Amino acid sequence: MAAAKRAKDSAASSFVSEERLWRRHMEMAKIGATAKGGVNRQALTPEDARARALLAEWARGLGFACAMDAIGNVFIRRPGAQAAAAPVISGSHTDSQPSGGRFDGISGVLAALEALEAMNQAGIETRRPVEAAVWTNEEGSRFASGCMGSQVYTEPAKLARMLAMKDLDGMSLKEALAATRAAMPTLPERPLKSPIDCFVELHIEQGPVLEATGNVIGIVTGIAGSRRFEVEVLGEDAHAGTTPRARRKDAVLAASAMIQALHKMMADPEDEVRFTIGQIRVKPNAMAVVPGYVLFTIDFRHQSEEVLTRLGDRIEGVCRAQAGPCEVTLTETRRAPTKMFSGLVPDAIEAVTRKLGVPYMRLFSGAGHDARYVADLCPTGMIFVPCEKGISHNEAENAKPSDLAAGARVLADTLVALANR
Ligand code: HGY
Ligand code: MN
Ligand code: MN
């Protein structure tokens, strides 16, 4: 490549448009918009399909080709001089929590598209192809086991099990994916586990640290390990008016005792354990029926694998001790190890951030991301940008246009540097 063009490599960031990036965020925020200003765009719902279709429309308008793999991950390609070289990829997710925010996930997807467009405007030819990616079902709210797209991409043997998963209405992921495909233009197939040269994910921090310290860029050092469980409590439906307490097998009473005991066990003085029971389903869920069935979910996270093992392995015993006349079944639906990021990608992010003069720090992520799994395939790193008061997984989630644009600028030059190294 001519020296002049290489010299322009740093120009990609100067073509990032804050206005265009913010406008695309607001366009996406209309899809699945909730009354309180957030989004409900759960994985592979018609809303998620509309977001993917809009993204594909923008991408094709820029001359980029799109592809999709067997679990619905989408790849938007900007060609490189060496067409057969493994691509540098950046991306995140379009799906949201049921009462999610306008930035979680989608910011990483739109920053990646913005970086590709800025490379076009800068007239930069990269040696490797550069791609923007959408990973299917990162949130794991509609279909359990989050980061599903990146899990299956890196471990294709998981595909069949994931496609068979059903949502609360009994629809399988396979059916939901077929509906999503039907709502999008037909895209060429991308084989699972196709080589990736390296991966960078931009995401809002979902914590207060960057904002509180006046930093705009977070270079992520790692992602906390997590263990997810489903606890089923089996009692016996009975009449609320005629059944004496001594004869009841009340699944809600047992589950509430378990929940109290678990929170007591997990309460660490350092307040580093992240233990959440976010979903409780009761059947038959009727006022005049002593409930015979409860399912509740456990989301347990910590940086230390020893803590995850020691406390996580005690969960079943604590539940059994509180079961009373009910039976209890514990299923571990996912265990993800703590993943650390170092070397090539974080260092490339830092070099670009310093060159652009953006205030930054290195920090650890309590939130999970697809980068955790992609890191098993290639050198990986993450860029955080601030979100207001660290609020996320909440309809009030907010971010500043200037911070999103700063993140996209760092991302654009990092992708060019990685693609040309
Ligand atoms: O739960 C998480 O950490 C991610 O935001 N889905
Ligand atoms: Mn996310
Ligand atoms: Mn999330």
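Nothing here was measured: the structure is a model prediction, and the numbers come from that model.

This part takes up the overall build of the chain. Across its full length, the chain holds 14 helices and 16 strands. Over its C-alpha trace the chain gives a radius of gyration of 23 Å, about what one expects of a compact globule, namely 22 Å for 421 residues. Within the chain, the fraction of its 421 residues that count as buried is 57%. Across the chain, the fraction of contacts at a sequence separation of at least 24, relative to all contacts at a separation of at least 6, is 80%. In the structure as shown, the chain presents an accessible area of about 17000 Å², 54% of it carried by carbon and sulfur atoms. Here the chain contributes 50 positively and 50 negatively charged side chains, and the mean placements of these two sets differ by 2 Å.

Another aspect to go through is helix α4 (residues 106-122). Between its first and last C-alpha, α4 extends 24 Å over 17 residues, near the 24 Å set by a 1.5 Å rise per residue. A large share of α4 lies buried, amounting to 15 of its 17 residues. Just downstream of α4, G123 is the residue with a positive phi angle, here 65°.

What follows covers the coordination of the manganese ion (ligand 3). Within the first shell, the manganese ion (ligand 3) binds the protein through D104 (OD), E139 (OE), E139 (OE) and H393 (NE2), at distances of 2.2 to 2.5 Å. Expressed as a motif, the donor residue spacing for the manganese ion (ligand 3) is D-x34-E-x253-H. In this structure the manganese ion (ligand 2) is found 3.4 Å away from the manganese ion (ligand 3), and D104 serves as a bridging donor for the pair. Of this pair, D104 sits in the loop between β3 (88-92) and α4 while H393 sits in the loop between β16 (380-385) and α14 (401-419), and the two are 289 residues apart along the sequence.

Quick look at the domain arrangement of the chain now. For the chain, the assigned domains read domain 1 (2-224 + 338-419) and domain 2 (227-336). Of note, the centres of domain 1 and domain 2, computed from C-alpha atoms alone, are 34 Å apart. In this assembly, 17 residues from domain 1 lie in contact with 10 residues from domain 2. Counting the surface lost from both domain 1 and domain 2, the interface buries some 990 Å², and carbon and sulfur atoms represent 43% of this. Summed over the shared surface of domain 1 and domain 2, the result is four residue pairs in polar contact (both at pLDDT 80 or more). Tallied by class, residues from the side of domain 1 that touches domain 2 come to eight nonpolar, seven polar and two charged.

A few words on the pattern of salt bridges. When their charged atoms lie close together, side chains carrying opposite charge are able to pair. Here the structure, examined in full by the defined rule, presents 25 salt bridges. Of the charged contacts in the structure, one is a salt bridge between K30 and E27, with a shortest N-O distance of 2.8 Å. Residue class for K30 comes out exposed when judged on its relative accessible area of 56%. Looking at E27, the relative accessible area reads 31%, which means it is partly exposed. The partner of R128 in a salt bridge is D197, and the shortest N-O contact between them spans 3.3 Å. Highlighted residues: R128 in the loop between α4 and β4 (130-134) and D197 in the loop between α7 (173-182) and β5 (198-204), separated in sequence by 69 residues. D197 sits in the buried class, given a relative accessible area of 14%. One salt-bridge network, held together by shared partners, links R20, R24, E114 and E117.

Attention now moves to the site of ligand 1. Neighbouring ligand 1 are E138, E139, Q206, R228, R301, A367, G368 and H393. Measuring from a nitrogen atom of ligand 1, one finds a side-chain N or O atom of E138 at 3.0 Å. G368 has a polar backbone atom sitting 2.6 Å from an oxygen atom of ligand 1. Starting from 210 Å² of accessible surface for ligand 1 in isolation, the protein chains cover 94%.

Now for the environment of R409. Mapped onto the elements, R409 comes out in helix α14. Measuring from C-alpha to C-alpha, the distance between R409 and M258 comes to 48 Å, with 151 residues separating the pair along the chain. Aside from chain neighbours lying at most four places away, what touches R409 is S13, V16 and L356.

Our next topic: the coordination of the manganese ion (ligand 2). Coordination of the manganese ion (ligand 2) by the protein is provided by H93 (NE2), D104 (OD) and H203 (NE2), with metal-donor distances spanning 2.1 to 2.3 Å. In the primary structure, the donors to the manganese ion (ligand 2) are separated according to the pattern H-x10-D-x98-H. The buried category is assigned to H93, whose relative accessible area is 0%. Look at D104 and you get buried, because its relative accessible area is 5%.

Right, let's get into the nonpolar core. Among the nonpolar cores identified, the biggest contains 62 residues, and M28, L55 and I76 are the most heavily contacted of them. No other element matches α4, which puts 11 residues into this core. Filtering out sequence-adjacent residues up to four positions away, L55 remains in contact with M28, I76, V109, L110, L113 and V134.

Per the counting criterion, the structure on display carries six aromatic pairs. Geometrically, the ring pair formed by F275 and F300 is edge-to-face, given 6.4 Å between the ring centres and 65° between the ring planes. Pair noted here: F275 is in strand β9 (residues 274-276) and F300 is in strand β12 (residues 293-302), with a separation of 25 residues, a long-range link. The class of F275 is buried, set by a relative accessible area of 11%. Chaining the aromatic ring pairs together yields one cluster made of F75, W135, Y153 and F199. Over the ring of W58 we find R24; its NZ or CZ atom is 5.3 Å from the centre of that ring.

Definitions and cut-offs
Residues numbered from 1 in each chain as written. Chains lettered and ligands numbered in written order. Predicted model: local features only at pLDDT ≥ 70, side-chain atom pairs only at ≥ 80, totals over all residues. Heavy atoms only, no water. Helix = DSSP H or I, 4+ residues; strand = E, 2+ residues; numbered from the N terminus. Rg over C-alpha atoms; globule rule 2.2 N^0.38 Å. Buried < 20%, exposed > 50% of the residue type's maximum accessible area, 1.4 Å probe, protein only. Contact = heavy atoms within 4.5 Å. Areas by Shrake-Rupley, 256 points an atom, 1.4 Å probe, with all protein chains shown as cover. Lys, Arg positive; Asp, Glu negative; His and termini not counted. Charge placed at Lys NZ, Arg CZ, Asp CG, Glu CD. Expected span 1.5 Å × (residues − 1). Donors = N, O, S within 2.8 Å, 3.2 Å for Na, K, Ca; no water. Domains from an automatic or database assignment. Buried area = accessible area lost by both parts, 1.4 Å probe. Polar contact = N/O pair within 3.5 Å; in protein donor to acceptor, adjacent residues only side chain to side chain. Nonpolar A, V, L, I, M, F, W, Y, C, P; charged D, E, K, R; others polar. Salt bridge = Lys/Arg side-chain N within 4 Å of Asp/Glu carboxyl O. Near = heavy atom within 4 Å. Core = buried A, V, L, I, M, F, W, Y, C linked by side-chain atoms within 4.5 Å. Phe/Tyr/Trp six-rings, centres within 6.5 Å; stacked < 30°, edge-to-face > 60°. Lys NZ or Arg CZ within 6 Å of the ring centre and 35° of its normal.

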